[in-house]
Every structure is written in structure tokens, then in C-alpha cells.
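# Summary of the model geometry
The residues making up each chain are set out below.
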Amino acid sequence: MALKFHQQIISDLLEDSNGGLVILSSGLSLSKLIASLLILHSPPQGTLLLLLSPASQSLKSRILHQISSLDSPPPTEITSDLPANHRHSLYSSGNPFFITPRILIVDLLTQRIPLSSLAGIFVLNAHSLSETSTEAFIVRIVKSLNASAYVRAFSDRPQAMVSGFAKTERTMRALFLRRLHLWPRFQLDVSQELEREPPEVVDIRVSMSNHMVGIQKAIVEVMDACLKEMRKTNKVDVDDLTVESGLFKSFDEIVRRQLDPIWHTLGKRTKQLVSDLKTLRKLLDYLVRYDAVSFLKFLDTLRVAESYRSVWLFAESSYKIFDFAKKRVYRLIKASEVKSKEHVKNTSGKKRKLKGDSASVDAVGGATAKNGDSGVVIEEVLEEAPKWKVLREILLETQEEREKQTLSEEDNSDNNGMVLVACKDERSCMQLEDCITNNPHKVMREEWEMYLLSKIEIRNVQTPQKKKQKTPKGFGILDGVVPVTTIQSSEGSSVCRQEHEALMAAASSIRKLGKTTASENNNPEAQVDKASSTKGKAKKESSNLRRSIRSCSKKKTNSEPEIVVTGSENEEKVSEASTSDPREDSDVPPNGAKKLPPVHFYALESDQPILDVLKPSVIIVYHPDMSFVREIEVYKAENPLKKLKVYFLFYDESTEVQKFEASIRRENGAFESLIRQKSSMMIPVDQDGLCMGSNSSTEYPASSTQNSLTRKAGGRKEIEKETQVIVDMREFMSSLPNVLHQKGMKIIPVTLEVGDYILSPSICVERKSIQDLFQSFTSGRLFHQVEMMSRYYRIPVLLIEFSQDKSFSFQSANDISDDVTPYNIISKLSLLVLHFPRLRILWSRSLHATAEIFTTLKSNQDEPDETRAIRVGVPSEEGIIENDIRAENYNTSAVEFLRRLPGVSDANYRSIMEKCKSLSELASLPVEELAEVMGGQKVAKSLREFLDAKYPTLL
């Protein structure tokens, strides 16, 4: 059932024949709106093209699902694999098609599209557009040749539409639109429809553990300290430097956008602060998303990767993050305390002796690091995520309610009994599935064992293992090998050394246990479940140990539900069936095990239309997300008679709650800003595609005529010759062809083997952005490209193009060295110019500056030949053709030999090649003809003397 506000949006769009820009709140089912418009389209209206970008692939899949669910033929995609005549027939069919902007702009420039049969264009990602984007290029060409074609642009990211100066107004100008349709969540029609039959909502606030609270407080303190350091630089707007704004990914974009113009002048400390803020935001997110062991492992990775250059690691509160993270997983106690406990408790079944050692070792994890009472022992804590217990309680409560409904014989015809659990990513889904099908303590134990095995792997990489002697000198902690005496700098103190050795001892016990289990199992490979197959690759031995650990710890039960995990790439379905209870080690007795309802885990990052497919009756939002909450509201509004219960799990007084509430405030603030902009927006009345046509050089004919000299044919204006540029197909990924077209140049798209832009028969340009320039130097591709240009064109040009919003320099002047160094970009450019003396380097500040440079270079130059440019560098199959410029027509060895002869230079070797067909013909020319060809009597005489010189012999 179509929503009423969707119907209102459609009617508003259909009223205006020119189209419009629609901005929706995130999660208000933009895919259903576009699908409804596609269904209303009929072939007699003309062909409808939907511009598809890499970021809109998920939106495309949702649109196809919505159309197929309504039994309508879905639109197909036009790809470059289709031949040109086939694409021409599709453009004339009148059906809707998905197409990428790169393919469409090439077909427009090559006139393969009958624009008279084009009804309109859908732009699916209006928030990513700019005046120089390919989508704006397409719309300008279409509007200049077919003014009746409409353009409808859509966006569900209002925050992106208010970034920068007048972003929405500039987008509408680029798309030649005059109407703006704003549909926020607080709009009256939207709020009334979504709140008419709301679902039953249960907001559960879960208390974080004391250690989690301590970690969160420490991270916020460190983040605040980093923000204070950023404020001291006076380089960033102070209003943006808040902890709340630092919780979002857009914070990095805001800071980088402000610092990009002066990035090369910033010190290393300021640059590192920007990176540290990004790392701290990840830590806050991972704290509430992942388990304690995974969080500790991530911290260990950060300490190794960023130890010597990070700023946040040296903050006052940073040590608390590592300290509390360790306390959530394990703690160190003295070995004497363990022995005293052993006398009190009967632990004979849980302890065993190491061979030849008096220290007792826990069979699973705890281990002593040294002999005697002076050693320390790792005692497992393995703190479980507080949400895990709450999730299981909700599932039990749901099952009890359904059993009561079954006994009361209520009508459950629309209830399929499925419970949907929405998590942030696929890894969380897989781990929660293990917690439901198995005991959560076993899941934590498994992660702990994997963590210890990774410690052994790191040790083996850092310290090559020595060959074992037949008679070991002592009983060490790793298979009789005495531990190395060199300790990492972070383990310099005795406490750190003891902790490290205790972890190694625990890891050694795990490895021995895994080897024993693996030898007992006849076929361990067959016992690998899907959870183990999702882990990362490791060494062969450790992988076998991990598989044996998982096969031992994984238990199955007849009473467990059907578990389905929906990930970003695949869907896996597991039916658990066995004879033992997975909660045998928990506090709940096996007899108290209760049946759970069927559960489906859904990863929010996969962005699939799971609600329409699954139609759940209970939804548990494990990781709150604003867009998914809106999707639930739309789903309930479309199914008003369906009973729906939604559980929200929040960590109380956490940044998770703060981030969720801040995302709603940011979106509302963005819409309020858009509403104010709409009231004062200035859109030209003649926004019909003609005021910004393809030839901007004819915009001011009156002033040109008035300023002309009357002595030149009475002031008659000269007929301007159309300039054209041959552009390589691959260059349409950039915005430069669009800017050149705005300057009035005719763009000819072809596939070039040499160069990116051909300005004239003698000028070939290879364009490099800053990032591409560094990569080309690293791979050696630039040397080959310049060599090819120098071989076939008289003026090879290397264009280095900077971004308009970034600094117009590689590095600061203080960083430029006097000596040539192999890793310095200036040194590499200097060596390139020395090797190719005819190479010209152009430095461009922006796209528009490049267009001005091209215009200057093309003055007094002939127009390039398309057929000749295509043949350059292409191997010949039919043989050598007269006057053909191909690689086979040049004997490169002979040319290089010619250029090394006395008197031959870059200025005259081409004229020599035109006069003489071979070196033997050159050797037979007299001095007079040589002087005429080489441009001087002196150089001709030196060459003649060299050719006539006698070879000395020994006879």
C-alpha cells in the first residue's frame, strides 16, 4: 500500500514538466517512491534514464525489489558491453534503464542517443553532485538539445545538502531545476501518517559495567584533550570542535575540508591529532559494539601501530583505557594466592601439572608465569556484554507471550513468529548467533583462546624460533625452550614482563590442549562450522588449533531455534540439533533450558529490504540506527493491521544514546536550514538549459560588436572557429571534460593509446592528479607514458592538476631538499625532465585553470585529427600503411642512434627523418644538402666528418 505522503510527492513532481529536487528524511523509503514513479511511466512518453553511481548500488537493488514485488517488469541496465547499435535501439524503446554517467556522456557526445525520444532523467544521488560533475554535464547537453526532457533528482541525506556554501542552490542550478520539495520527518503529513498506527515500543536502557563506564569516560577525556590541542592551532572553526560532533564520520570531512588549503604548512602534531580523533571515535563505537576480548585485541593493535607517533596515547587518561580493557578480560594474581585457594576448594578436576614443572596450570586459560611463589597467574574474567543477557531475556519473554497466545487461541494468521535482531555489522550478527545457540561464556572463552593463540603468532614473527636441542637446558614456558631475554620496550618493567610471560604460558597451554584434541579427532576438517570459516587467515598450525578449539566448544541442542544470519554478501541458515545442552557451564541448570523463538539476525550495513521480505512481528534493535527506525515506522504504516513490537536496546548514559539523539538533531537542523534557504533561494526564471549552453563564448555578442573596430569591415564580427579537443574515454571519470565543454570546446571521446588529451596534431597532454602522480611514479607507468608521447608528438605535455580547495603546492618550502633523493617528488620530476628534455610540465591550480591553459595552447594551432589520434600507438595488423603514424613504422633503435650522432639535436632530427628514409641514405647526402636539412653549415660539417672518418686498423 502506497503511503499518502509518497502519493503527494508524486503528484507534486508530475505537476511540473521540468522536474524537481526531492529531499527526504533518511529511512522514509526513497526506493518505494522511485519505484512508484517508474511504474507510472509508459513507453509512449519516451525513454527514462536512471543515472547510477557506485554509491547508489544499494538503492538500485531496493528499487528492483520493490518493482518485482508489484509484478512489474524491472528496468534493465545499459552497460558498455552492449554494442553501439544495440544501445541505440534501447534508447529508442521508451523503457526505463539504469545507466552509469560515464557511459551516457560518451553516447551523448558521439550522438548515439536520439534525444527526441528521451522523456527524462532520474538523478539518484543529488547530494553528491556539483557544478563540475558528470551528471551536470549530461543534463546541460540534454537540456540544450531537448528542452522538454524533465530532470528529477532525489536525495535522502539532508545533512550533505547543507555542507558548503549554498550547496542546494548550486545543485539546482547545475541540474536546471526550479522547484525544491522538502519532506522531513516532522512534516505534518508525514508525522500524522507514521504516528496513526504506531508499533508497540519498549525502550530498554541497559547499564554498562563499571569498567565500560571507566573506558568511555577515559576516551571522552582523551578526545576532549585532543580537541583542546586542535583549538590551540587556530586553524579550525571552534564551533565544529565538540565531542558530540566528533562522534560522527562527517567530523573528519569537516576538519579536513578546513585544513586542506593549508595542510602542507601544518606540523606533524596537528596532522596526527586529526588521525587520533578518528581513532578515538572508532574506540567509542567498538566499545559498545564488540565484546571485551575483541576490544582488547584492537587496543593491542593500536599500541603497536601508533605507539611512537600517536598523541592520544600520551594523554593523561589514556592509560585508563588499556587498564580497564584488560580488567574486563583478565587480571593478574600471585601464584601463592592460587595455591591457597586450591587448598580451600576442590579443583582437582580443573587443574593439571605441566610436565616437569611444579606450577599448576588451568586446563583452559589460567597459567603461572614462574616457578615458586614469586610468579603471577592470569585469572580469567571474560566480562560478557550486558546486552547479551538482556537479549536472551527478551527472546524468552517473546516465546512465553506466544505460548500464552496459542493457549488463548488468538488469531495469529498475520504472525509468522519470526524475531528480527538488527545489528550494525555482520560480525556482531555472527557473534550474537553464537550467544543464542551456545552459552555466552563459551563464546567469550573461545574469543579468549583465539586471542592467546594470536599472541603466540606475534611472538613467532618477532623472534625466530631456534632449533630445539635433544636435551633441553631447562623447563621454559614454551615447549621446553628457554624464553628469550629481550623484551619489548613496552614490557620493560618487571610487572609487564611477568604479565607477558603469564600470557605466553596460558597460550602455550591452549596450544598443547589444541594439539591433543586435534590428534584425537580423526577428521577435524569436517567439524569446522561456519563460525570458524569466517575468521581471518592465519598460519596453518594455529588454524588447525583454532578449528579444534571451536569443534570442541561448539555444542548443539534439539531445543534451540532456527537461526538465520543476513550479512552484507550472503545469507546462512543453520538448524541446530544435538543431544547436549549448550549452557552446561552456565549458572542455569540444563533442566531449566527453555525454547526460544526463531530468530533472524540482520546486518544494517548490508542495506537490504529485510522488513518487506521477512515481515517480522517482533524487532529487536540491538544497535540503534536512525534510518532503520524510520524504516520500521514506514513498515508499520504500510501494514496498519499487523501487530508489531519493537525493542530498543541502549546502553544507559553512553555515547551510543548521545550519538543516536544527535543524529536526529542534526537531520532536523539540516531541514530547518533548507527551509530557510528555500525561502530566499534565487533561481533564474530562464532555467531552461539555454542560458548555460555548450558555447559560453557567445554569451555577450552585443558588447563584442560594440567594441569591434569599425575599420574592420564596418565592425562586422568575425566567424569564430569551433575548437575541439580529443579526449580519452577513461578521462570521463574526471570533471575536466565537463569544464572544457563549458568553455565552448567540442569534446570528441575516443580510445587513445597515447596521452589523455590531444589539443593539436603536435600537442599531446597527459593529465595527472596529485594522487595519480605519486602512484604513477611508484609503478613506473609515468615514464612509459612520457616516452610514448615523446616518440609520437612534437610537444609532449605533463599536466599536474591540483584541487581547487587544496593547497597549490606539493610540500612546504622548508621540506624541499638541495640534494636529489629517490623518494622526493621534486627529485623525481627533475630526473624525468632531464631524461626527456622536450617534455613540458604544466601546473594547474584547478579545473577551470586547466581549461584556460588549454584555450591558450590551442591558439594558432591546427585542430587535431581524430582518425590519426586513434591510430597512434596501435599495433598494425594489415601491415605498414603510407603516411600512417603507428609504432611499427618507426625503427626506434635507428631513431635513438640518429639522435646520438654529432650535430643531431631535438630541433632537427625530425626534419632529417622526413628527408631520409634510412641511415644509409643519410650517409650518402653531401654537405650542402645536410646543411639545408639540419639548419646550419657547422652541424652538417661535424656530421659529415664523423661519417667519413676512417676506422683505424692494427694491420
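Going by the structure above, here's the rest.
Residue numbering note: each chain is counted from 1, following its sequence as written. In keeping with the predicted nature of the model, local features appear solely for residues at pLDDT of at least 70, side-chain atom pairs appear and are counted solely at 80 or more, and the whole-chain, interface and lining totals rest on all residues. Here the side-chain values reflect all heavy atoms present in the structure, with hydrogen atoms and water set aside.

## Considering helix α24 (residues 655-679)
Note: α-helices contain 3.6 residues per turn, so residues at a spacing of three or four share the same orientation. With 25 residues, α24 extends 36 Å from end C-alpha to end C-alpha; this agrees with the ideal 36 Å at 1.5 Å per step. Residues Thr 655, Glu 656, Val 657, Phe 660, Ala 662, Ser 663, Glu 667, Ala 670, Phe 671, Ser 673 and Leu 674 constitute the buried set of α24. Put simply, DSSP H or I for four residues or longer makes a helix, DSSP E for two residues or longer makes a strand, and each gets a number counted from the N terminus. In this scheme, a helix's expected span is set at 1.5 Å multiplied by one less than its residue total. With a 1.4 Å probe rolled over the protein chains alone, any residue whose accessible area is under 20% of its type maximum counts as buried; one over 50% counts as exposed, and the rest are partly exposed.

## Side note on the side chain of Ser 428
For Ser 428, the location among the structural elements is in helix α17 (residues 426-437). In what follows, residue pairs with any heavy atoms lying within 4.5 Å of each other are defined as contacts. In this structure Ser 428 touches Arg 289, Tyr 290, Cys 423 and His 623, once residues within four positions along its chain are discounted.

## Describing the nonpolar core
Counting residues in hydrophobic clusters, the biggest one holds 75 residues, and the most contacted among them are Phe 295, Trp 312, Val 421, Trp 448 and Ile 620. The residues touching Val 421, leaving out its near neighbours within four places in the chain, are Leu 391, Leu 432, Val 599, His 600, Phe 601, Tyr 602, Ile 620 and Tyr 622. To define a nonpolar core, start from buried Ala, Val, Leu, Ile, Met, Phe, Trp, Tyr and Cys residues and group those joined through side-chain atoms within 4.5 Å.

## A look at the pattern of salt bridges
By salt bridge we mean one thing: a side-chain nitrogen of Lys or Arg within 4 Å of a carboxyl oxygen of Asp or Glu. For the structure on display, the rule yields 38 salt bridges. The residue Glu 667 makes a salt bridge to Arg 630 at a minimum N-O spacing of 2.8 Å. In this pair, Glu 667 is assigned in helix α24 and Arg 630 in helix α23 (residues 626-638), connecting sequence segments 37 residues apart. With respect to burial, Glu 667 and Arg 630 carry one shared label: buried. Between Glu 787 and Arg 791 there is a salt bridge; the shortest N-O distance is 3.8 Å. In this pair, Glu 787 and Arg 791 are both assigned in helix α28 (residues 781-792), four residues apart and thus about one turn of the helix distant. Note on Glu 787: relative accessible area 30%, which makes it partly exposed. Arg 791 sits in the partly exposed class, given a relative accessible area of 30%. Linked through salt bridges whose partners overlap, the residues forming this network are Glu 200, Glu 397, Glu 401 and Lys 645.

## Looking at the sheet that holds strand β1 (residues 19-24)
Paired strands, in this sense, are two strands between which DSSP finds at least two bridges. Reading across the sheet, the seven strands line up as β3-β4-β2-β5-β6-β1-β7 and stay open at both edges, with parallel pairing between neighbours. In this open sheet, the two edge strands, each paired with only one partner strand, are β3 (76-78) and β7 (180-183). For this sheet, the mean inter-axis angle between neighbouring strands, taken without regard to orientation, is 25°. Across four bridges, β1 lies against β7 in parallel orientation. Bridge pairing in β7 places Ile 23 opposite Leu 182. Against the sheet, helix α2 (residues 30-40) engages β1, β2 (47-51), β4 (96-99), β5 (118-123) and β6 (150-155), with an angle of about 160° to β6. Where helices are involved, their axes are fitted lines through C-alpha atoms of the stretch in contact, as for all axes, and angles between N-to-C directions lie from 0 to 180°.

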